[in-house]
Structures are given as C-alpha cells and as structure tokens.
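# Working through the structure, step by step
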Amino acid sequence: MDLSSCKHLRFFGCHLNSMACKCVALFVIALVFRAALLSTFPGLGEVVQNGIVVTHKSSLSSNLELWTRKDKYLEVPQIVWGLNNQKIAFARACLTARMMNRTLLMPSLSASLFYKEIDLLQPISFDKVFQFERFNSLCDGFVRLGRYSDLLNRTQLFELQKGSGRKWTIERDLDQLREFSGEQYDAYEVIRIVGKNPFLWHDHWPVKDYAKVFDCLVLVEEILKEADKVVSKIREMGRKVRSKAEFSQDPSNSKSLSLLPMPYLAVHLRIEKDWMIHCKKLEQRSNISQICSSKEEIMERVGNIVGLKTPMIVYLAVADSLLEDNSILNGWKEGLLPFEKKKLGVMGIYKNYPYIFQSAIDYEVCLRANIFVGNSFSTFSSLIALERTMKMNTMDITTSCGIDVTWPSYAYNILGESNGPQRWMTNMSDSSLCAISYGTQNISC
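Notes on the structure in this doc start here. Note that the coordinates shown come from a computational prediction; the quantities given were computed from them, not determined experimentally.

### Overview of the pattern of salt bridges
- Scanning the model with the defined rule gives 14 salt bridges in all.
- Of the charged contacts in the structure, one is a salt bridge between Glu-159 and Arg-192, with a shortest N-O distance of 3.1 Å. Here Glu-159 is found in strand E10 (residues 157–161), whereas its partner Arg-192 is found in strand E11 (residues 190–194), with 33 residues between them in sequence.
- Owing to a relative accessible area of 45%, Glu-159 belongs among the partly exposed residues under this scheme.
- Take Arg-192: its relative accessible area is 28%, and that puts it in the partly exposed class.
- The closest approach of N and O atoms between Lys-341 and Asp-362, which form a salt bridge, is 3.1 Å. Of this pair, Lys-341 sits in helix H10 (residues 341–344) while Asp-362 sits in helix H12 (residues 355–368), and the two are 21 residues apart along the sequence.
- Given a relative accessible area of 6%, Asp-362 falls into the buried group.
- Each of Glu-75, Glu-159 and Arg-192 takes part in a single network of salt bridges with overlapping partners.

Okay, structure coming up:
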C-alpha cells in the first residue's frame, strides 16, 4: 500500500503527512513484516544475545525452545567399549548437551577394546578418529563440539553426579537434566558429568535425533583412504572372477565387462568367542532364540538371498584376533566367493592401527557394500543398517519389501523369505534408540 494514499489518516493521534509520523509508520510496518517473515521462515530466528548464538527451532524430540551456546560447556566421562557403542555414547552425550543448551567439550574415545580392565583403556582424541570441523559444519544449529582451549575460566566448573541403579528411573534422570538446564547454573562455564559411561545413560531421544548426529560423523581422511584400499582390493578380485566367468561365455565381451565396478556382498560374521559367550547368555536372560547364529546357519541363509547374482565376492568382516574357527572360508554356496583380510591381502593395513581404527575401516567397507548382511543384536550391524536406511530414505525409498532396492540390508539371525535372511530397514520413527543399542528380533523391510 502506497503511503501517499494514507496521508490523511491519523496514527497515534497525529497525521501521517508529518515526518515524525511517517517514521513511526515505517517502523511499525517493518515490525509487522519481520514477524510475518519469521513465522514463514523459522530458520531466520537466529540472533546473538550476550555472545550466545540463539536459534529458535522445534526439536525433533520436544517442543522446547533450544539454542546453541558457545560460552557454556558440558564435559562427559571418557567414552569406552566397541567403536559403535562409542558412537552411540557420543551421540547421547551430544543430545544431552543440546538439551542443556550447552556445547559438548570434545570427549576422549577409547582406542583399545577392554570391557573390565579400565586402567588398560587407551584414550584417543575424538578428532583423531572423526573430522572435528566437518562435524560442526554438518551439525550446525543442532549440536556443537568445543575444544578445551575454548574455555575462558576452568575454575567455573560444577560436577554433576549421574544417578545409577534401579531407583534411578528415566523420569528422575529427565528431571535432573531439566533442573541443570536452568538459569541458576548459567554461572558455571562447565558442567562436568561424572559417573558411568554415556552409553549406559537413560535414553530420552528418538531415532531421528540420533541419526542426525551419526550423519555428522565423518571419519578422518587417513581411515577413509585405508578403507578405499580395501574396497578397491575387493572389487579387483571381483573383476578377475567376473572377467573369467564372462570370458568362458563370450570371449569378445569380457574386456568391457571387466572394467565395470564390481559389486560385492559384506557379511558381519559374529561368531567370535566373546560374541558367542555374550549372545548365549543374552538368549537365556531374554528367552529369545534368534540372537546367536552358527557359521553354517549364516552361510546357508546368505546363499538363499532371493535374486542374488553370482559369482559374487563375499567380504567377511570379523574380529580376527578373537576368532577361533579357521574354516570360515569353507562351505559357502557355489558362486559365493568368500574373502577375509588375510586371503584378500590387506592384513597389513589393519595391523598398522589400534582396534578402533580397524573397526572403523571394516565399518566403512561394510557400509559401502552393494549388499550387507549382519546380526540385528550387534550395534555394528545395527548402525550400518541405520545408515543404509538413511541413504535409501534420501532416494525416497521407504520399503525394501518384495522389490530390488539400492543399499539392501539383511539380518541373518532372523529367518526371512525362502529360508534366507530377513530384509532389514531401521524404523526411523522409533521413540528411542533401544532397538539399536541393545538389539531386537522385531525387524522388517
């Protein structure tokens, strides 16, 4: 509307043809326009208040107004156990910091794999495994990592004892987090949570929140390059096998076919001694019989995958140092060609690194596989299935039932179609990460 057409109107007791009233009118119109704009584009509601970047947004897990504060921090205990338990623990620490409106101080991970000998754990900085700056860039506006060098006054610290035991319910835990998110604790630059490993903390967030954090975790270049070498070796073996097979059928076409990227299938082979002890105890406690799988059962079900084209290279991801069975390469269905690290000729790559790097390389190799088969009670397998589900979702694929899809995953411990493994897509609408953290037999495509 043209202001000149309104010059005879009265605004707060004065005519709009005076300079002062025109300024007031312009100011009011600007306010109205700003309010309309922010309601349409809520991402524009980011302002700076006392050095704090405040972003008004709707949480995936609540309707609370959250913000990322760069001058208040949360510190958590060293993160331990297997690589993927550590990733879950890290994500839970991130979401805790988000709820408390604080930046998470970069935690220490564990390079070694010890469950009871805590004094033998080898701490390793987060940024030695994952890309720090890349994480903050990808998770900007959701969660944030900080360095200890960012702290201004290390004496402004409050120690928060995390509750434990049966009496420490999920409701009490949530009440504690809400209490320490209050303004009365803003005087402390750092809140340090002491107690148990974050993996064991109560879970208050849906799968989608965790998935957002996992999506921001990018391995350092050194690990990615080593994974590239392993994948290249697998595909090289596949080309040799496929070329030989095609040559026997059509010698004139074998050269062009051998140049194509060769698909491979990855199996997370959970038959190591530590796993078999754990899964048998878990079956007894939970009265579930679909947790442990023998080598023979795994081989049979992988061989029964509907529509599986052969010959196919099968990469066996297994913790070699804990494996007592030397016959894992024998007994596979004709057309399935199994390779583990030694046969593939990449053992030297893995031996150069501590446990956490070895696990990260295997994770990346399995994640990139054309077909992945794992155990639904393994966090390693479950997080790979989650990431592959996320990849499918970006392609608008919401189901893998009865159709050929990119990035298919299967669980060999659950019987599926034609006596093969069960097709597996993560339920992204789950209200917690329990099924991934502790496993489940209730999976579907």
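### Some words on the packing of helix H2 (residues 83–99) against helix H5 (residues 207–215)
- Relative to each other, H2 and H5 sit at 110°, their axes nearing to 10 Å. As far as their axial angle goes, H5 and H2 are roughly perpendicular. For the pair H2 and H5, the contacting residues are Lys-87, Ile-88, Phe-90, Ala-91, Arg-92, Cys-94 and Leu-95 in the first and Asp-209, Tyr-210, Val-213 and Phe-214 in the second.
- For the contact of H2 with H5, the residue count by class is 8 nonpolar, no polar and 3 charged.

### Here's the deal with the environment of Val-220
- Along the chain, Val-220 falls in the loop between H5 and helix H6 (221–249).
- C-alpha of Val-220 to C-alpha of Gln-131: the two residues are 89 residues apart in sequence and 5.2 Å apart in space.
- If we ignore the near neighbours within four places in the chain, the residues touching Val-220 are Asp-127, Lys-128, Val-129, Phe-130 and Gln-131.

### Considering the pairing of E11
- Relative to E11, strand E5 (residues 73–75) runs parallel, the two sharing 3 bridges. Note on E11: the bridge partner recorded for Tyr-73 is Val-190.
- Where E10 and E11 come together, 5 bridges link them in parallel fashion. Pairing of Gln-161 across the sheet is with Val-194, part of E11.
- In terms of handedness, the path from E10 via helix H4 (residues 170–179) over to E11 forms a crossover that is right-handed.

### What about the packing of H2 against helix H13 (residues 379–394)?
- Contact pair H2 / H13: the axes reach a minimum separation of 8 Å and the direction vectors enclose 60°. Taken together, the axes of H2 and H13 are oblique relative to one another. The chirality of how H2 crosses H13 is left-handed. Of the residues in H13, those touching H2 at Asn-84, Asn-85, Lys-87 and Ile-88 are Thr-379, Phe-380, Leu-383 and Glu-387.
- For the contact of H2 with H13, the residue count by class is 3 nonpolar, 3 polar and 2 charged.

Rules of the game
- Each chain carries its own residue numbering, running from 1 in the written order of its sequence.
- Where local features are concerned, this predicted model is filtered to residues with pLDDT of at least 70; where side-chain atom pairs are given and counted, the filter is 80 or more; whole-chain, interface and lining totals use all residues.
- Side-chain numbers here rest on the full set of heavy atoms in the structure, without hydrogens or water.
- Salt bridges are counted wherever a side-chain nitrogen of Lys or Arg sits within 4 Å of a carboxyl oxygen of Asp or Glu.
- Strands here mean DSSP runs of E at least two residues long; helices mean DSSP runs of H or I at least four residues long; both are numbered from the N terminus.
- Throughout, exposure labels follow a simple rule: accessible area from a 1.4 Å probe, protein chains only, divided by the maximum for the residue type, with under 20% read as buried, over 50% as exposed, and the rest as partly exposed.
- Whenever a helix is involved, its axis is fitted only over the stretch in contact; in every case the axis is a line through C-alpha atoms, and angles between N-to-C directions fall within 0 to 180 degrees.
- Roughly parallel means an angle under 35 degrees; roughly antiparallel, over 145; roughly perpendicular, 65 to 115; everything else is oblique.
- Residues are treated as being in contact if the distance between any of their heavy atoms lies within 4.5 Å.
- For this scheme, ten residues count as nonpolar: Ala, Val, Leu, Ile, Met, Phe, Trp, Tyr, Cys and Pro. Four count as charged, namely Asp, Glu, Lys and Arg, and the remainder, Gly too, count as polar.
- When DSSP locates at least two bridges between a pair of strands, those strands are taken to pair.
- Clockwise travel from the first strand over the helix to the second, with the strands pointing away from the viewer, marks a crossover as right-handed.
- Note on convention: near helix rotated counterclockwise from far helix by under a right angle means a left-handed crossing. Clockwise means right-handed.

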